[in-house]
Amino acid sequence: MTAPAHEQGGPLISVEHLTMRFGGLVAIDDVSFSGDNSEITAIIGPNGAGKTTVFNCLTGFYKPTVGRLTLNHPAKGELLLERMEGYQIPAHADVARTFQNIRLFPAMSVLENLILAQHNELMRASGFSVAGLLGMRRYHDAEQKAVERARYWLDRTGLTTRADWDAGNLPYGDQRRLEIARAMCIRPVLLCLDEPAAGLNPKESAELNELLRYIRDEHQIGLLLIEHDMSVVMEISDRIIVLDYGRKIAAGTPDEIKDNPDVIRAYLGETEEEALPEVVAQDLEHPVS
Amino acid sequence: MATPSSEQLKMQPLDLPALFKEAGYVAVVVLGLTIGLVGFKTEDVPGGLDIVTRFGQVILATVVAFAGRVGFILLRERRFIPVLIGAGAFSAAMLVLLIGNIVDADQGVGRFLPFESLVVNWLIMLFALVLAGRAAWLWSHTRRSQFVVDREAAMDRFSARVQQGAKFFGPLMLGVAIILPFLPVADRRLLDIAILVVTYIMLGWGLNIVVGLAGLLDLGYVAFYAVGAYSYALLATYLDLGFWTCLPFAGIMAAFAGIVLGFPVLRLRGDYLAIVTLGFGEMVRVILLNWYEFTKGPDGISGIPRPTFFGLPLVRSPPEGTESFHEFFGLTYSPLDRIIFLYYLILAMALVTNFFTLRIRKLPVGRAWEALREDETACRSIGINPRNTKLTAFAIGAMFGGFGGSFFATRQGFISPESFTFIESAIILAIVVLGGFGSQIGVVLAAILLIGLPEFFRELQQYRMLAFGAAMVTIMVWRPSGLLAHREPTIRLYPHGPPKEEGQS
Amino acid sequence: MEYFIQQLINGMTLGMIYGLIAIGYTMVYGIIGMINFAHGEIFMIGAFVSIITFLMLGILGVGWMPLAVLIVMIVTMLLTSVYGWALERVAYRPLRNSPRLAALITAIGMSIFLQNYVQLLQGARIKPLQPVIAGGFRFMQESDFVVTLSYLQVFIILLTLILMAVFTLVINKTALGRAQRACQQDLGMAALIGINVDRTISLTFVLGAAMAAVAGLMFLMNYGVIDFYIGFLAGIKAFTAAVLGGIGSLPGAMLGGLLIGLIEGFWSAYFTVEYKDVAAFSILVLVLIFRPTGLLGKPDIEKV
Ligand SMILES: Nc1ncnc2c1ncn2[C@@H]1O[C@H](COP(=O)(O)OP(=O)(O)OP(=O)(O)O)[C@@H](O)[C@H]1O
Ligand SMILES: [Mg+2]
C-alpha cells in the first residue's frame, strides 16, 4: 500500500491529456487540469464545450480516447480512474457525481435514495443477504447507522421532514439538493457536480453556495463544479478551468478568469462584444459577493 | 387540476352530423374488422375447405358498434337521460334473453339472442350496463368526468388500501387456505383447482421478483419452470433420487440457467431483453423437444416419482419393506391423501416464496433491484454493480420457477415439452401485470381470477387466452403501472406518519 | 453446387417474405420506438383474409389466375390495414408517453388476443389451399439434381421488388414520407411545426400492415397451409431480420430479411431442420449482444 497521498503532496485528482472523440467529433481535445482537497474547482464554458463529457470520463461513463485520470485517494493511494469500470469508481475510488438532468430514483422515497447510496457497505453487512434474510443483529445495526448518516445529510439539505416522500414528488430545488445528499452518502473524496444551480431561484442558489462551502470546509473533500450561473461560480470556486470547443482556453482564480479576453471572446463570440447580454455582463463584472 | 365549473359545462346543442359521422366512422372500422374473419368461416370438408358465411353477425356487430359509439358521444355531450334509458333498456332486454337461455337453451326466449357466441352476448349486455351505470352516475354527480390524474391518484389510494387491508385479510385468506382441504366443499376437483391456482400464485410471486422489483421483463420464465421440471424428472428417473433431494438441486439448476441466460443479455435495453428472453424460452423448448436421447423428446418423461411425506409414500400398497403414510399413522387409506399432501406442499412452497420476497425487498439487494428498475445510470453513479444485481434477480426469480417446475413434475408424474410453451410464460406474466407489478396480494387475486375462474366455468376455457390478451391490453392502457400497483417505502424515517410542521400533501 | 443454388433460390424467396414483414417492425420502431409485437399476428390475419378471398373467388368462379391473385392482394391489403389501424388506435396510442415496457406488454397482450380471436373465429385446424401458381423454370437438367425456379418464386421475388420500389418512392418523395421522416427524428418537434403526428403514425401502421398482408398472401401461396399460429414464429424471425438489418432502417429490413431467409434455408438444408428456429433466435441474441445497431442502423446513444 502506498503512503497516504496528501503526504506525497500530489493533487487529489489530476487529469492529463484527456481526449474524447465521438466518431469524427472531438468533444474534448487534450485537456489537462487538476483539483485538490478542500477546494472547489469550477469548469465553465459555453454549451457543448465538453464539460459534461469530462465528468463522464472521470466517472467511468465513457472510456477516454486518450488520457490519464489519476486520483490520489487519501486512504487507498493512487488510482487510475480510466482503467476502472463505471460502477467501481463510486464504489471503490469514492468519486461521486450528480447529473445535469437530475437522476434520482423517483418512485422511491427520499430516505431510500440515501440508503441506496450506501449500498455496498450494507450489502457486506447483510452478509450478501444471507445474514439479512435470517434477520441478524449485525445487519440491523448497519442499517441503523446508514439511516443516521442519511439523516445527517437530510438535516444539512433541509429535507428531513420530507424523508418519506417519493423523491419524484419533491419540488425541483429539493430534488437538486437530494441528489447532492445522495452523492455525499457514498462518502466521496471527490464530488463532481454538473450544473447544480440550474433551475434554482436566487434564494435557493444562495443556499446551495452555503451547502457547497460547508461540504468543502467541514468534509474537506475535493469538488469539481460545472456551472453556468456565474454568481455561483465566481463566489465559491477556488479555481476555474475554462473549456471551449473541447479545448482548455484558460485556468486560474476567479479574478484572473473574469478579465481574461479569451474567455470573454469564447462566451460572447469574436465580433459582437458590444451586444453583450446585460445579465452576463453584470455577472462577469460584478460577481455577487 | 381544477374541476371545470358548471357554467363552463353548459350544454352545447348537439351537432348531429358530426355525431353520425363519428359513430359512422367507428361502424365502418368495425365492419372492416369483422367482414373478413367473422363474415366468412372456413370449414374443413373432405378434400379441402368450404366457406360458411355469417353476415348477420357482421351487421349486428356494426350496428352495435354504431349504437355504442352514439351512446358514448351522448355521454360526452352530457345527454345522460337518453343514454340511461336506451342502454338500460337494451341491457335489461339482453339480460332477459340471457336468463331465458340459461333456463331453457333451446325453446325459450334465449333463442332470440342476437349473437351466436354466448360470451359475446354477455359482453354486450355488460357493456350496455356499464354505459347505463356511467350515465346514471354522471347524472347524479355534477362533475363532468374524472381526470386521468385524479383517477391515477384514486387508484393508487385504492391499491394502498388493498395493501393495508392485506395485513388483515391476508392471514384470513391464509387461514382459509390452510383449512380448505377439510372443508365440506373440498372434493377432488376443488383441490385440483386449488393446487393449480396456488402453483400459479407461486410462479407469479417468483416472476414478480424479476418483473415487478427489478423491472426486467422476462418473457421466457417458463424456461426455468421447464429446467426445474426436467431436472427433477431426469434426476428421479435416471438416478432414482427422491423429491426432497432433487428439489434444491432443481432450484439450483434453474438459477444457473438464469445466470447463463442473464450473463450475455443483461447489457441490453429493456425491450430487447424481453425479446431475447422470449427467444431463450423457445430455445429451451426446442432443445427439449429434439434432444431425444436425453429428454425423450415429444414423448416426454413418464413415471416421475410422487413426493413422499418425509420418506413415507402416499399410496395404498407401498412396495415391500416400506411403510406408507396411512399405515404409519394408522389411518385408513384415502386417495385424497396424496392430493391434500400436494396441496399443502405447494402452499408451503408459495408461502416461502412470499416470505422471501417480502423480506428481501427490505434488504440492500431488494432495494438495488428497485433502484435498477428506476434508473440504471443513477445506480452506476452510486456504486451499484448493475450486472451482478440484475443477475441475482434473474437467478432468484429463476430459482423459484425451478421449484415450481419440480412440483409440477411430481404432481403430474409426466412431463413433455408441450407444457412449456410461450403461452405459459404469457399467463404468468398476465397474472403479474393484472395484479400490479410488485404487489403480492395482487398476484393472489389475479391468479384466482385468471386461473381459478376459467377452471370452474369450463365454457370460459376457450375464451381464456382471449381474455388474458384483452386484460393485458386494457390494464396497460388504463393504468400502466398495473392494476393494484402501489409502492410502500421499504424503510421510513417516521414510521408513524410525518412530523407536524410539514406533511405530505 | 446445384443443391446450393436451389437452396439459394428457396432462401431468397423466404427472405422476401420476412423482409416485407420486417418493414412493419422497423417503421414502427423508427417512429415511436416500440416493438410492435403484434405485427406477426397482422401478417397471420393477412394470410387468413387471403385464403378466405381465394375460396370465395373459387366459389364465385373467378378462374383467371392473375386476376384472382390481384383481387386477393387488394382485398387482403385493405382489410388487414384496418387491423393495423385499429391496433394502433386502440392499444398503442393511449400509451404513447408511457414506459417502453408498458407498451411492449400491451403489444404482447394484443398478440395473444388476435391469435385467439382468429382461432375462435376460424378454428384451430390448419387450413390448406390448392396451389395457385404451378410450374416453373428448370435449370441444369443434365446433372442429377435439377434446380427449379418455380413461377411462384419468380412472382414472390418480383412482387417484393416492385413493392419495395414503390415504398421507397413513397418514403422519399411524398409528403407522407417527409412527415414520417420528421416524426422519426423528433415526434414533439414534428407536432410543433404542424405535422399531424397522429395521422402519420396511423398511416405508418396501415402501410406496415399492408406489407405484412402481402407477406401473408405470399406465405400462403408458398407453403399452401396456414394456421392461426404462424404469426408467432414468422413475427420473431422478421423482427430478427429488422434487428439484424438495423432497426429503423428500411433497406436494413429488406437486407436482414434476405439474410434470415438464406440462413434458414441453408441451415435446414445442410444442418438439422429441427433446430432451424433455434438458429433464428441465436442470430437474434448474437446480433443484439455484439452489434445492437445491426448492419445498417444508426447508433442509439444515451447521453447522461
Ligand atoms: N455520447 C455522445 N456521442 C456523441 N457525441 C456526444 C456524446 N456525448 C457528448 N457528445 C458531444 O460532445 C460535445 C460536448 O458535449 P457536452 O455534453 O460535454 O457539453 P457541455 O459542455 O456539458 O454542454 P452544456 O453546457 O450544454 O451541458 C457536444 O457536441 C455533444 O453533442
Ligand atoms: Mg453538460
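Residues numbered from 1 in each chain as written. Chains lettered and ligands numbered in written order. Predicted model: local features only at pLDDT ≥ 70, side-chain atom pairs only at ≥ 80, totals over all residues. Heavy atoms only, no water.

## Here we look at unusual backbone geometry
All names here are of chain A. Despite not being glycine, His 17 has its phi angle at roughly 50°, a positive value. Tracing the backbone shows His 17 in strand E1 (residues 13–22). Using a relative accessible area of 48% as the deciding quantity, one classes His 17 as partly exposed. (Helix = DSSP H or I, 4+ residues; strand = E, 2+ residues; numbered from the N terminus. Buried < 20%, exposed > 50% of the residue type's maximum accessible area, 1.4 Å probe, protein only.)

## Overview of the side chain of C:Thr26
Residues and elements named next belong to chain C. Relative to the elements of secondary structure, Thr 26 occurs in helix H1 (residues 2–32). Of the residues examined, Thr 26 reaches a relative accessible area of 1% and is grouped as buried. Contacts of Thr 26, omitting those with residues within four sequence positions, involve Ala 242, Gly 246, Ile 247, Gly 248, Ser 249, Leu 250 and Ala 253. (Contact = heavy atoms within 4.5 Å.)

## Regarding the site of ligand 1
In the vicinity of ligand 1, 16 residues are found, and the nearest of them are A:Gly48, A:Lys51, A:Thr52, A:Thr53 and A:Gln100. Nearby residues place ligand 1 at the junction of chains A and C. For ligand 1, an oxygen atom lies 2.6 Å from a polar atom in the side chain of A:Thr52. Contact between ligand 1 and A:His228: an oxygen atom at 2.9 Å from a side-chain N or O atom of the residue. Burial of ligand 1 by the protein amounts to 78% of the accessible area it has alone, namely 630 Å². For the shell around ligand 1, the secondary structure elements donating two or more residues are strand E2 (25–35) and helix H2 (51–58) of chain A. Top contributing element to the shell around ligand 1 by residue count: H2(A), with 3 residues. Classifying every residue of the shell around ligand 1 by side-chain character gives 6 nonpolar, 7 polar and 3 charged. (Near = heavy atom within 4 Å. Polar contact = N/O pair within 3.5 Å; in protein donor to acceptor, adjacent residues only side chain to side chain. Areas by Shrake-Rupley, 256 points an atom, 1.4 Å probe, with all protein chains shown as cover. Nonpolar A, V, L, I, M, F, W, Y, C, P; charged D, E, K, R; others polar.)

## Side note on the coordination of the magnesium ion (ligand 2)
All names here are of chain A. Here the magnesium ion (ligand 2) is held by Thr 52 (OG1) and Gln 100 (OE1), and the distances to it run 1.8 to 2.2 Å. Highlighted residues: Thr 52 in helix H2 and Gln 100 in the loop between strand E6 (95–97) and helix H4 (110–116), separated in sequence by 48 residues. Overall, the relative accessible area of 15% leaves Thr 52 in the buried class. Gln 100 sits in the partly exposed class, given a relative accessible area of 29%. (Donors = N, O, S within 2.8 Å, 3.2 Å for Na, K, Ca; no water.)

## Some points on the sheet that holds strand E7 (residues 190–194) of chain A
Residues and elements named next belong to chain A. Pairing is mixed in the open sheet, where 6 strands are placed in the order E6-E7-E8-E3-E9-E10. The strands lining the two open edges of the sheet, one partner per strand, are E6 and strand E10 (247–252). Neighbouring strand axes in the sheet, compared pairwise and without regard to direction, differ in orientation by 20° on average. Sheet topology places strand E3 (residues 40–44) next to strand E8 (residues 222–226); 4 bridges connect them, and they run parallel. Paired with Ile 43 across the two strands is Ile 226, which belongs to E8. Its contacts with the sheet put helix H8 (residues 172–185) on E6 and E7, and the angle it makes with E7 is roughly 160°. (Pairing = 2+ DSSP bridges. Axes fitted to C-alpha atoms, helices over the stretch in contact; angles between N-to-C directions.)

## What about the environment of B:Met94?
All names here are of chain B. Summarising the element assignment, Met 94 is placed in helix H3 (residues 80–103). Along the chain, Met 94 and Ile 124 lie 30 residues apart, while their C-alpha atoms are 8.3 Å from each other. If near-sequence neighbours (up to four positions away) are discounted, Met 94 is found in contact with Leu 113, Pro 114, Asn 121, Ile 124 and Met 125.

## Quick look at the interface of chain A and chain B
Of the residues lining the interface, 45 residues belong to chain A; the matching set on chain B comes to 37 residues. Both faces considered, chain A and chain B share a buried interface measuring about 3,700 Å² in area, 61% of it formed by carbon and sulfur atoms. Between chain A and chain B we count 3 salt bridges in total. Where A:Glu112 meets B:Arg487, a salt bridge forms, and the shortest distance between an N and an O atom there is 2.8 Å. Here chain A and chain B share 11 residue pairs in polar contact (both at pLDDT 80 or more) between them. Broken down by secondary-structure element, the contributors of at least two residues to the side of chain A that touches chain B are helix H3 (88–91), H4, helix H5 (119–125), helix H6 (130–133) and helix H7 (137–157) of chain A. For the side of chain A that touches chain B, the element with the highest residue contribution is H7(A), accounting for 5 residues. (Buried area = accessible area lost by both parts, 1.4 Å probe. Salt bridge = Lys/Arg side-chain N within 4 Å of Asp/Glu carboxyl O.)

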